[in-house]
Amino acid sequence: KQEVTQIPAALSVPEGENLVLNCSFTDSAIYNLQWFRQDPGKGLTSLLLIQSSQREQTSGRLNASLDKSSGRSTLYIAASQPGDSATYLCAVNTGANSKLTFGKGITLSVRP
Amino acid sequence: DAGITQSPRHKVTETGTPVTLRCHQTENHRYMYWYRQDPGHGLRLIHYSYGVKDTDKGEVSDGYSVSRSKTEDFLLTLESATSSQTSVYFCAISELQGAYEQYFGPGTRLTVT
């Protein structure tokens with residue numbers, strides 16, 4: 001059974017810092033991996049999707065990498081801003097009807 | 001944003017009553033999913049659909065049933081609500097081809113008293 005882990009559960013950083021959020025998964029036979037953002041009381045917004053054949057994806061100040069063999073993904077946020085404060089979730093798609101297995105998320109607080 | 005709506009957005013109900021949540025999409029995507037989100041557990045898959053009238057169970061399906069009579073609508077029913085089903089419920093959609101990216105609806109907050 002696929003398990004997805006995100007550590008730490010919470011992170012607080014000063015504005016302007018570059019930061020890395022980690023995600024690990026137990027079964028490397030994945031189809032893709034998605035990073036989501038969730039603001040309090042809101043739904044999930046897809047940030048980046050990395051296919052199993054890709055090593056990384058970039059969108060603005062965000063860069064996600066994938067190392068399938070080691071079961072790890074990282075989300076890099078450059079020059080963090082208070083508006084980046086949210087919970088970040090990673091989810092792994094094993095390809096079986098595209099079902100996602102989620103980590104519990106990392107709650108990020110960026111201090112002005 | 002993907003065209004996904006959920007109704008109702010908030011609901012309070014009593015233990016033992018039936019409850020139906022609706023997910024509606026305008027993207028014509030084949031796959032639809034119901035998840036629940038709880039503190040300490042994260043998001044867990046309840047049921048999913050891979051086409052009209054084609055559904056299957058997810059990780060936490062006990063106490064829930066689903067139906068999909070049209071491509072655009074996916075209903076989640078709690079036959080007899082219990083307090084353990086108090087949660088936030090999210091619907092998601094995905095297409096069969098391409099990146100298989102999932103898009104989520106705004107969620108329904110259900111409280112069972």
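In the block above lies the structure referred to throughout.
If you're wondering where the values come from, they're calculated on a predicted model, not measured in any experiment. (Residues numbered from 1 in each chain as written. Chains lettered and ligands numbered in written order. Predicted model: local features only at pLDDT ≥ 70, side-chain atom pairs only at ≥ 80, totals over all residues. Heavy atoms only, no water.)

(A) Spotlight on the overall build of chain B. What chain B contains, in helices and strands, is zero helices and 11 strands. For chain B, the succession of helices and strands along the chain, N to C, is β-β-β-β-β-β-β-β-β-β-β. By the compact-globule yardstick of 13 Å for 113 residues, chain B fits well, its C-alpha radius of gyration being 13 Å. Overall, chain B is about 40 × 30 × 25 Å in size when its C-alpha atoms are taken along their principal axes. Surface accessibility of chain B: about 5,200 Å² in total, with carbon and sulfur atoms responsible for 47%. (Helix = DSSP H or I, 4+ residues; strand = E, 2+ residues; numbered from the N terminus. Rg over C-alpha atoms; globule rule 2.2 N^0.38 Å. Areas by Shrake-Rupley, 256 points an atom, 1.4 Å probe, with all protein chains shown as cover.)

(B) Quick look at the pairing of strand β5 (residues 42–51) of chain B. All names here are of chain B. Counting buried residues in β5 gives nine out of 10 residues, a clear majority hidden from the surface. Hairpin connection of strand β4 (residues 31–38) to β5: three residues between the antiparallel strands, including G40 at a positive phi of 85°. Inspection of the sheet shows β5 paired to strand β6 (residues 54–57) by four bridges, in the antiparallel sense. Looking across to β6, one finds that G51 is bridged to D54. (Buried < 20%, exposed > 50% of the residue type's maximum accessible area, 1.4 Å probe, protein only. Pairing = 2+ DSSP bridges.)

(C) Looking closely at the nonpolar core. Counting residues in each nonpolar core, the largest one holds 23 residues, and the members touching the most others are L21, L33, W35, L75 and I77 of chain A. Where this core is concerned, the elements lending two or more residues are β3 (19–25), β4 (32–38), β5 (44–51), β7 (62–67), β8 (72–77), β9 (86–93) and β11 (106–111) of chain A. Residue contacts for I77 of chain A: discarding those within four places in its chain leaves E17, N18, L19, L21, R61, L62, D84, Y88 and L108 of chain A. Of all hydrophobic cores here, the second largest spans 19 residues; its members include M32, I46, L76 and L110 of chain B. (Core = buried A, V, L, I, M, F, W, Y, C linked by side-chain atoms within 4.5 Å. Contact = heavy atoms within 4.5 Å.)

(D) Seen up close, the sheet that holds strand β1 (residues 4–7) of chain B. Residue and element names in this part refer to chain B. Taken in spatial order, the four strands make up an open sheet running β1-β3-β8-β7, and their pairing is antiparallel. At either margin of the open sheet sits one strand with a lone partner, and together these are β1 and β7 (64–70). For this sheet, the mean angle separating the axes of adjacent strands, direction not counted, is 20°. (Axes fitted to C-alpha atoms, helices over the stretch in contact; angles between N-to-C directions.)

(E) View of the state of the cysteines. Residue and element names in this part refer to chain A. What the rule picks out here adds up to two disulfides over all chains. Shown here is the disulfide that connects C23 with C90, its sulfur atoms set 1.9 Å apart. Since a negative S-S torsion denotes a left-handed disulfide, the C23-C90 link at about 65° is right-handed. Taken together, the residues span a long stretch of sequence, with C23 in strand β3 and C90 in strand β9 at a distance of 67 residues. Among the residues examined, C90 registers a relative accessible area of 0% and is labelled buried. (Disulfide = S-S within 2.5 Å.)

(F) Structural view of the environment of E27 of chain B. All names here are of chain B. Its location among the elements puts E27 in the loop between β3 (19–25) and β4. The exposure class assigned to E27 is partly exposed, which follows from its relative accessible area of 33%. Considering only alpha carbons, one finds E27 and G58, 31 residues apart in sequence, at a separation of 23 Å. Here the side chain of E27 touches G3 through a polar contact of 2.7 Å, landing on its backbone nitrogen. (Polar contact = N/O pair within 3.5 Å; in protein donor to acceptor, adjacent residues only side chain to side chain.)

(G) Representation of the interface of chain A and chain B in the model. Taken together, the contact pairs 20 residues of chain A with 22 residues of chain B. Summed over both sides, the interface between chain A and chain B buries roughly 1,700 Å², with carbon and sulfur atoms accounting for 52% of that surface. The interface formed by chain A and chain B contains one salt bridge. Every element with two or more residues in the side of chain A that touches chain B is listed here: β4, β5, β9 and β10 (100–102) of chain A. When grouped by side-chain class, the residues that make up the side of chain A that touches chain B number seven nonpolar, nine polar and four charged. (Buried area = accessible area lost by both parts, 1.4 Å probe. Salt bridge = Lys/Arg side-chain N within 4 Å of Asp/Glu carboxyl O. Nonpolar A, V, L, I, M, F, W, Y, C, P; charged D, E, K, R; others polar.)

By themselves, these figures tell us nothing about what the structure is for.
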